[in-house]
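A structural walkthrough
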Amino acid sequence: MGLDVKTLGFCDKSLSYETRSKDLVDRMTLAEKVLQLGDQAHGVDRLGLPPYNWWSEALHGVSDFGRSTHFDKTVPGATSFPTVILTAASFNESLWKNIGQVVSTEARAMYNLGLAGLTFWSPNINVVRDPRWGRALETPGEDPYVVGRYAVNYVRGLQDVAGHETSANLNARPLKVSSCCKHYTAYDVDAWLGVDRTHFDARVTTQDMQETFQVPFEMCVKDGDVSSVMCSYNRINGVPSCADNRLLSETVRGEWDLHGYIVADCDSLEVMHHDHKWLNDEPEDAVAQTLEAGLDLDCGVYYTNYAFAAVQNGRVRETEVDKALRNLYVVLMRLGFFDGSPGGYDSLGKDDVCAKDHIELAAQAAREGIVLLKNNHSLPWNHQKLKKVAVVGPHANATAAMIGNYAGIPCRYVAPKEGISNFVSIDYQMGCDGVACKNETFIYNAAMAAKHADATVIFAGIDLSVEAESLDRLDLLLPGYQTQLINQVAEASSGPVTLVILSAGGVDISFAKENPKISAILWAGYPGGEGGRAIADVIFGHYNPGGRLPLTWYQSGYVDLLPMTSMPLRPVDELGYPGRTYRFFNGSVVYPFGYGLSYSNFTYSINSARQSLSTQLSSLQHCLSMEYNDDDFFQPCPAVRVDDLTCNSTIDFEVEVSNVGGRSGSHVVLVYAVLPLELKDTPAKSLVGFQRVFVDAGGSSSAKFSVNACKSLKVVTREGYVVLPAGEHTISIGDDDGSVSFPVQVNYE
């Protein structure tokens with residue numbers, strides 16, 4: 001183009017990214033600047049700056065959803081991992097990171113081929129507060145700690161360049177690809193009985209914000225060093241999230257120290273203007289307010305169309321535009337958009353997409369996530385003793401249903417019936433005309449197949465026609481005649497029956513749980529392109545299931561007790577609303593959070609534990625009062641603010657896990673903190689640690705934990721203070737009858 005790059009400061013590799021980014025922005029006119037503020041950045045020809053499309057997706061594999069990524073004859077598809085809810089059920093942090101590494105490798109390869117961008121707006125780390133939410137499949141579940149740890153590991157897998165995991169200057173740390181944690185914040189209503197995300201105002205207490213909704217995002221930024229955060233469509237206490245300076249500039253960029261950019265969910269500014277009618281503003285006002293709040297990039301056209309006039313009319317300073325662009329270009333420089341790949345990724349190509357080891361990892365992820373919900377000494381089956389297996393149900397031949405949304409094109413599909421047929425001869429009968437199952441005439445053939453087979457597998461559940469983005473559920477039941485199908489097939493069967501449920505959210509299958517003719521139940525989420533293979537491996541004993549539910553499965557009547565739009569996690573006694581998630585709901589459930597069986601049995605013993613934490617307070621450390629169940633209860637110093645403590649005390653212990661069964665397998669150790677029982681309105685328990693360990697049959701393995709007292713034993717008060725209360729806390733390992741625990745006494749002197 002005739003440019004002398006030696007005269008362009010932003011091309012000088014000896015300068016810092018911040019300096020180079022500033023030089024680039026300073027060379028632009030205002031008219032040029034605003035054209036770079038949308039997800040489809042126009043570029044500046046006279047500076048040699050090419051256009052760039054910011055929108056790529058990689059929720060559970062490289063997706064062609066969005067404007068930047070597409071497949072062609074060279075790369076017809078990418079590795080399809082299970083949807084996040086099933087991957088989360090593995091409770092395996094190293095798996096989560098490995099998946100991110102594979103996805104980013106395929107993303108870089110596709111970028112080199114001109115088929116993708118470098119900035120991927122994933123993962124979704126919203127906590128699932130209500131079982132009806134349609135986007136549960138995209139998330140790691142209902143526990144904020146699990147969601148946060150998933151975010152950290154997946155982001156690190158996507159972003160980290162080997163040898164550059166840390167840096168004295170995080171704005172100089174190279175990136176493999178850029179990840180984005182979304183949707184910030186308190187977002188979990190899409191479309192429910194006339195209420196939708198583009199109009200919804202989430203009325204959230206400070207307590208719930210700090211205790212639940214903000215937790216995964218803080219972990220994502222602080223521990224994951226994510227390079228982008230996406231704000232959500234909804235309002236929070238009256239203010240659109242993308243226009244809230246307190247949430248964006250003060251918290252994400254200020255308190256949490258984001259090194260990256262903040263982007264709006266697509267068309268959020270238009271939503272502010274047309275749907276929320278925020279302050280009855282004109283488009284220029286919406287642009288000015290979001291720029292000043294700290295929003296750097298608009299997925300949409302409002303910045304592109306109206307930022308010029310907003311500056312010209314004096315509604316926002318041009319320096320706010322400059323600041324946003326500098327944040328964007330520093331990220332692109334860290335990605336090598338200007339200088340070439342930072343980690344030698346330029347050599348990646350088509351052979352690095354859908355590689356054999358990538359497909360095997362996808363299958364392994366599905367195996368590790370599958371949850372065994374019921375087993376009356378039936379599974380695993382010995383395929384050598386089975387001549388024919390009836391394979392029935394609306395998901396028996398599932399393909400696209402297995403990959404959920406934001407999915408792209410898989411390398412291949414292995415449907416459930418195909419996976420089963422790799423082991424035994426099958427008689428396939430659909431039983432239902434799809435998930436809706438509105439026609440009962442197909443049930444007879446399915447029942448007859450079960451009657452004449454040695455064993456039967458029923459594949460039932462829901463799909464994106466029931467739970468999806470912009471589609472929340474109205475009930476927790478199987479659609480149409482599915483319940484009738486399951487009962488009639490089970491009744492007719494002459495051999496053992498295994499029910500496999502495909503879903504993200506929980507389904508009330510109490511009838512199947514209690515039916516003695518149904519000897520086993522598996523939950524397989526939406527298991528990805530290799531799902532059929534993974535399910536068959538579990539059924540026939542080639543893999544011992546070890547997944548745990550990342551969501552509570554409620555009874556169907558739960559949805560009649562409170563509206564989806566009620567945001568509090570704690571019970572609302574004056575309205576008769578129950579609590580939400582395992583931390584605050586105390587009623588009966590179908591299956592609890594963390595539930596999961598194995599083909600073996602495991603026991604725990606604790607080898608070591610620190611049981612007392614005493615702090616000598618100075619004159620500058622003050623005691624705060626706490627609310628107790630008994631007004632007469634007295635504690636000399638009830639609690640101290642965490643900000644006033646050094647918070648270097650840890651509770652260190654080792655859990656010995658013994659496999660007392662006959663099969664080797666993986667086991668997930670769940671560690672909960674239980675606050676002093678005297679405290680009022682605190683969670684029943686909170687997950688503070690977990691590990692997945694492999695234990696040989698008859699052997700044992702140890703899991704070591706070091707739990708930070710301030711983080712794990714804290715209480716968020718109604719006023720928003722984060723405190724460490726005095727009293728007898730409990731660390732509990734496991735659930736129900738197999739759990740072990742020990743007390744931790746916190747004292748102030």
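Going by the structure above, here's the rest.
Residues numbered from 1 in each chain as written. Predicted model: local features only at pLDDT ≥ 70, side-chain atom pairs only at ≥ 80, totals over all residues. Heavy atoms only, no water.

**Examining the overall build of the protein**
The test is simple: Secondary structure elements are defined from DSSP: runs of H or I of at least 4 residues count as helices, runs of E of at least 2 residues count as strands, and each element is numbered from the N terminus. Only C-alpha atoms enter the radius of gyration, while the globule expectation follows 2.2 Å times N to the 0.38, with N the number of residues. A 1.4 Å probe rolled over the protein chains alone gives each residue an accessible area, and that area as a share of the maximum for its type sets the label: buried under 20%, exposed over 50%, partly exposed in between. Any two residues having at least one pair of non-hydrogen atoms within 4.5 Å are treated as being in contact. In this description, accessible areas are obtained by the Shrake-Rupley approach with a 1.4 Å probe, and a residue is regarded as covered only by the protein chains that are shown. Counted as positive: Lys and Arg. Counted as negative: Asp and Glu, with His and the chain ends omitted from the count. Charge placement uses NZ in Lys and CZ in Arg. For Asp and Glu, CG and CD serve respectively.
On a plain count of helices and strands, the protein comes out with 20 helices and 33 strands. Compactness check: the protein gives a C-alpha radius of gyration of 27 Å against a globular reference of 27 Å for 749 residues, within 12% of the reference. Dimensions of the protein, computed from the C-alpha atoms along their principal axes, are close to 80 × 70 × 50 Å. Put simply, the protein has 749 residues, and 61% of those count as buried. Expressed as a percentage of contacts within the protein between residues at least 6 apart in sequence, the contacts between residues at least 24 apart total 76%. Surface summary for the protein: the accessible area is close to 27,300 Å², and the carbon and sulfur share equals 47%. Positive and negative charge centroids in the protein, built from 60 and 89 side chains respectively, lie 5 Å apart.

**A few points about the side chain of Asp-160**
Our working rule: Any pair of N or O atoms that falls within 3.5 Å is considered a polar contact. Within protein, one atom must be able to donate a hydrogen and the other to accept it, and sequence-neighbouring residues count only if both atoms are side-chain atoms.
Relative to the assigned elements, Asp-160 resides in the loop between α5 (144-159) and β4 (178-179). Within the structure, the side chain of Asp-160 is placed 2.8 Å from the side chain of Arg-173, a separation counted as a polar contact. Leave out the neighbours within four places in its chain, and Asp-160 touches Val-155, Glu-165, Arg-173, Lys-176 and Tyr-345.

**Observations regarding the packing of aromatic side chains**
Applied cut-off: Pairing of aromatic rings covers Phe, Tyr and Trp, the last counted by its six-membered ring, and requires centre-to-centre distances within 6.5 Å; plane angles under 30 degrees mean stacked, over 60 mean edge-to-face, and any other angle means tilted. The rule for a charge over a ring is simple: NZ of Lys or CZ of Arg within 6 Å of the ring centre, and within 35 degrees of the ring normal.
Scanning the model with the defined rule gives 32 aromatic pairs in all. Summarising the aromatic geometry, the rings of Tyr-302 and Tyr-306 are spaced 5.0 Å apart at their centres and angled 65° between planes, so their arrangement reads as edge-to-face. Highlighted residues: Tyr-302 and Tyr-306, both in helix α11 (residues 302-312), separated by four residues, approximately one helical turn. Classification of Tyr-306 as partly exposed rests on a relative accessible area of 25%. Within the aromatic cluster, the residues linked to one another by ring pairs are Phe-91, Trp-96, Tyr-145, Tyr-150, Tyr-154, Tyr-582, Phe-593, Tyr-672 and Phe-690. Residue placement shows Lys-513 over the ring face of Tyr-591; its charged tip is 4.7 Å from the ring centre.

**Some details on the sheet that holds strand β8 (residues 201-202)**
Strand pairing within a sheet occurs via backbone hydrogen bonds; the two strands may be parallel or antiparallel. Basically, it comes down to this: Between any two strands, pairing holds if DSSP finds at least two bridges.
Pairing is mixed across the open sheet formed by three strands, whose spatial order is β8-β10-β11. One side of each edge strand has no neighbouring strand; the edge strands of this open sheet are β8 and β11 (239-240). Where β8 lies against strand β10 (residues 235-236), two bridges are found, and the strand directions are parallel. When the bridges of β10 are listed, Ala-202 appears paired with Ile-236.

**Digging into the environment of Gly-77**
Summarising the element assignment, Gly-77 is placed in the loop between β2 (52-53) and α3 (84-88). Taking the C-alpha atoms as reference points, Gly-77 and Gly-408, 331 residues apart in sequence, are found 7.1 Å from one another. The residues contacting Gly-77, other than those within four sequence positions of it, are Phe-71, Val-353, Cys-354, Ile-409 and Pro-410.

**Side note on unusual backbone geometry**
The peptide bond linking Lys-182 to His-183 adopts the cis configuration, its omega dihedral lying at 0°. A cis amide bond links Tyr-184 to the next residue, Thr-185, at an omega of 5°. Inspection of the secondary structure puts Thr-185 in the loop between β5 (181-184) and β6 (191-192). In the Ramachandran plot, Leu-193 falls in the positive-phi region, its phi being about 45° despite a non-glycine side chain. Summarising the element assignment, Leu-193 is placed in the loop between β6 and β7 (195-196). Its identity as a non-glycine residue notwithstanding, Asn-237 has a phi of 50°, on the positive side. Here Asn-237 shows up in the loop between β10 and β11.

**Re helix α1 (residues 17-26)**
Heads up, the condition is: What the arc describes is the spread of directions from the helix axis to the C-beta atoms.
Residues Tyr-17, Arg-20, Ser-21, Leu-24 and Val-25 constitute the buried set of α1. For α1, the arc enclosing every buried residue in end-on projection is 135°, short of the 170-degree limit, so these residues lie on one face. Considering only its buried residues, α1 is in contact with α2 (30-34) and α12 (318-334).

**Some remarks on the state of the cysteines**
What counts, and what does not: Working definition: a disulfide is two cysteine sulfur atoms within 2.5 Å of each other.
What the rule picks out here adds up to seven disulfides. Disulfide pairing is shown between Cys-432 and Cys-437; the S-S distance is 1.9 Å. Classification of the bridge connecting Cys-432 and Cys-437 rests on its S-S torsion, roughly -50°, and on that basis the disulfide is left-handed. Neither residue differs from the other here; Cys-432 and Cys-437 are each classed as buried. A sulfur-sulfur distance of 2.0 Å marks the disulfide that ties Cys-623 to Cys-637. Sign of the S-S torsion, about -105° for the bond between Cys-623 and Cys-637, identifies this disulfide as left-handed.

**Re the sheet that holds strand β18 (residues 497-502)**
Threshold: Between N-to-C directions, angles span 0 to 180 degrees; the directions come from axes that are lines fitted to C-alpha atoms, helices contributing only their stretch in contact.
Ordered by their spatial adjacency, six strands build an open sheet running β14-β19-β18-β17-β15-β16, and the pairing between neighbours is mixed. A single partner strand is all that each edge strand has here, and the edge strands are β14 (371-375) and β16 (425-429). Here the average twist between neighbouring strands, direction ignored, is 20°. Relative to β16, strand β15 (residues 388-392) runs parallel, the two being bridged by five bridges. Paired with Val-389 across the strands is Ile-426, a residue of β16. Sitting on the sheet, helix α18 (residues 531-539) touches β17 (455-461), β18 and β19 (520-523), and the angle it makes with β18 is about 145°.

**Concerning the pattern of salt bridges**
Any two side chains of opposite charge can pair, on the condition that their charged atoms come close. Test applied: By definition here, a salt bridge exists when the distance from a side-chain nitrogen of Lys or Arg to a carboxyl oxygen of Asp or Glu is within 4 Å.
Applying the stated criterion across every chain yields a total of 38 salt bridges. Residues Lys-33 and Asp-322 are paired through a salt bridge, measuring 2.7 Å at the closest nitrogen-oxygen approach. On the criterion of sequence distance, the pair formed by Lys-33 in helix α2 and Asp-322 in helix α12 is long-range, its members being 289 residues apart. Grouping residues by exposure puts Lys-33 and Asp-322 together as buried. Among the ionic pairs, Glu-320 bridges to Lys-323, the shortest N-O distance being 3.4 Å. Of this pair, Glu-320 and Lys-323 both sit in helix α12, three residues apart, which is roughly one turn of that helix. Judged by its relative accessible area of 8%, Glu-320 is buried.

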